[in-house]
Amino acid sequence: MRQSIRKRLSIIIISCSVAAVLLSALLVNITITNTFNKYMEKIQSQRNTRLVEYFQQVYKSDGGWNSTSGEEMMHEAYMSNYCLSLLDDNKKVVWEMNHEDIQNKNHMKVNGKEETGVYTSNIFDIDVNGKTVGYIIVGQYSPVLLSQEDISFKGQINRSIVFSGVLTLMIVTAISLILSKQFSEPIKAVSKTSVSLLKGNYNSRLNVKSSIEEIRNLTESINSLGEKLNSQDLLRKRLVSDISHEIRTPLNVLQNNLEAMIDGIIPITTDKLNSLNDEVIRFGKLLNNLNSLKQVESDEIVLKLGLVNISELLSSVIEDFSIAAAEKDIKLFINKSEDRDFVVIGDYDKLKQVFINLISNGIKFNKPGGTVWINVDSDEDSVIIEIKDNGIGIKKEDLPYVFERMYRGDKSRHKIEGSGIGLTLVKKILTLHSGTIDVESRENKGTVFTVYINKNN
Ligand code: ADP
């Protein structure tokens, strides 16, 4: 059965409240009845003691029993619904009330139903000077005698219980409607936005403010999902256009040159063939890049773990880059904090790839005469490497995307050779090492990449 969350929540809250109200009404009723009955029993036992004392008094003052000995008590007994019989020491009736009078009178309505009860009687000795001179029998139609006021008092209490129950239910219903709205509205909005995202409207966002943590998390997740889908969509479109551009350029060069050669317009020389071969090599590189991208995407990277000294690894990478940097008139500097331990558990080749990519970017996106500074430090838990350059920097709007696959910033940068997957690989490899990377950059000022690698991951 399909039901809205609001309806379901309201039903749950209201049914729980009905059960709670009924249960508490029942408990209150039982407790009050018990306490009331105990109180009445106490009153009755005091009454019995008083009756015995009264008849003792009568015996003493009259010097014996006669047929009017109990008459004075008759009115009170009649009004209080009990019946008296006075017996002498031989248990012979001296005086008695007609218990049918009481029975007729007892045909009273209690809680809406006729109640007469079973007639029960108790006999009490009347002792004078240590000798039993008679007996008094007190009979009644209910174990606890209730006067009309007592019954209406109990009825009043029951009506109050019912009234407070109904009032509670009304309040609970109102609260449940408001509360369930607090849950259902944001969930409705979430489901509407998810459907919209599903239909490809990646700009759909939720604007729900809720004080409920889970709903806030859900809203934030849906919004970041929308952002992710949006940027992935942009990247995908960009990727397709970039790949087709990258392929079309060398292909056109090849085709034009080959056609010209076939038509005999340009001579077939070794130089020409070498330059065409360079284009084919570019093709190959492009395919290699796509292959690395596939690896990154399909989680195919497997680490060969060992102890890696990051400081030594960096020195070796810098040595490899010394010629390329000198050719571009870029200076490379490394600074290592003294007496620190730079050993981590990791995959040497993969970590080397991380720093090759970062340092090559520092050189590639730099200006002649520029500098790349590498700083290595460590604390108890991690080794921290900073790679800083004073090159062309990254635009503020491009910064959030530099780690995305095939992201290469604006078109003007496409003159610089690259594939846009170097940083994607860096991030992936670091994630596999439980490491992280941060980037800070200012356009035309320079860029700093800070890498953190856990010593024990
Ligand atoms: P590639 O270098 O192959 O283009 P990367 O993934 O290594 O791809 O870098 C992605 C983009 O980030 C680059 O195209 C460039 O726009 C920007 N970028 C990366 N490193 C730097 C840097 N040190 N200085 C300026 N821009 C950079």
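Report follows, based on the coordinates. (Residues numbered from 1 in each chain as written. Predicted model: local features only at pLDDT ≥ 70, side-chain atom pairs only at ≥ 80, totals over all residues. Heavy atoms only, no water.)

1. Overview of the overall build of the protein
Right, so step 1: When you go through the protein residue by residue, the secondary structure sums to nine helices and 13 strands.
Right, so step 2: Its C-alpha atoms give the protein a radius of gyration of 49 Å, more than 25% over the compact-globule value 23 Å for 457 residues.
Right, so step 3: By its C-alpha atoms, the protein is 160 × 60 × 35 Å across when sized along the principal axes.
Right, so step 4: Out of the 457 residues in the protein, the part that is buried amounts to 36%.
Right, so step 5: Sequence-distant contacts, at least 24 apart, represent 66% of the contacts inside the protein between residues at least 6 apart.
Right, so step 6: When the accessible area of the protein is evaluated, it comes to approximately 27,500 Å², of which 55% is carbon and sulfur surface.
Right, so step 7: For the protein, the distance from the average position of its 55 positive side-chain charges to the average position of its 57 negative side-chain charges is 7 Å. (Helix = DSSP H or I, 4+ residues; strand = E, 2+ residues; numbered from the N terminus. Rg over C-alpha atoms; globule rule 2.2 N^0.38 Å. Buried < 20%, exposed > 50% of the residue type's maximum accessible area, 1.4 Å probe, protein only. Contact = heavy atoms within 4.5 Å. Areas by Shrake-Rupley, 256 points an atom, 1.4 Å probe, with all protein chains shown as cover. Lys, Arg positive; Asp, Glu negative; His and termini not counted. Charge placed at Lys NZ, Arg CZ, Asp CG, Glu CD.)

2. A word on the packing of helix α7 (residues 310-327) against helix α8 (residues 348-364)
Right, so step 1: At a closest axis distance of 10 Å, the pairing of α7 and α8 adopts a crossing angle of 40°. In this view, α7 runs oblique relative to α8, as classed from their interaxial angle. Our pair here, α7 against α8, has a crossing hand that is right-handed. Here α7 contributes Ile-310, Leu-313, Leu-314, Ser-316, Val-317, Ile-318, Asp-320, Phe-321 and Ala-325 to the contact with α8, which in turn contributes Tyr-348, Leu-351, Lys-352, Phe-355, Ile-356, Ile-359, Ser-360 and Ile-363. (Axes fitted to C-alpha atoms, helices over the stretch in contact; angles between N-to-C directions. Parallel < 35°, antiparallel > 145°, perpendicular 65-115°, else oblique. Left-handed = near helix turned anticlockwise from the far one by under 90°.)

3. Some points on the pattern of salt bridges
Right, so step 1: In the structure shown here, the tally under the stated rule is seven salt bridges.
Right, so step 2: Note that Asp-233 is salt-bridged to Lys-237, the shortest N-O span being 2.9 Å. Residue Asp-233 and its partner Lys-237 are both found in helix α5 (residues 213-262); the two are separated by four residues, about one turn of the helix.
Right, so step 3: Overall, the relative accessible area of 48% leaves Lys-237 in the partly exposed class.
Right, so step 4: As a salt-bridge pair, Asp-320 and Lys-352 come within 3.6 Å of each other at their nearest N and O atoms. A residue pair is termed long-range when its members are at least 10 positions apart, and Asp-320 in helix α7 and Lys-352 in helix α8 qualify at 32 residues.
Right, so step 5: Using a relative accessible area of 53% as the deciding quantity, one classes Asp-320 as exposed. (Salt bridge = Lys/Arg side-chain N within 4 Å of Asp/Glu carboxyl O.)

4. Here's the deal with the environment of Trp-373
Right, so step 1: Position of Trp-373 among the secondary structure elements: in strand β10 (residues 371-378).
Right, so step 2: For Trp-373, a relative accessible area of 34% gives the class partly exposed.
Right, so step 3: It is 4.8 Å that separates the C-alpha atoms of Trp-373 and Phe-333, two residues lying 40 residues apart in sequence.
Right, so step 4: Setting aside its immediate chain neighbours within four residues, Trp-373 contacts Phe-333, Glu-386, Ile-387, Lys-388, Asp-389 and Asn-390.

5. A few points about the environment of Ser-164
Right, so step 1: Looking at the element boundaries, Ser-164 is found in helix α4 (residues 148-198).
Right, so step 2: Sequence-wise, Ser-164 and Leu-23 are 141 residues apart; in three dimensions their C-alpha atoms are separated by 13 Å.

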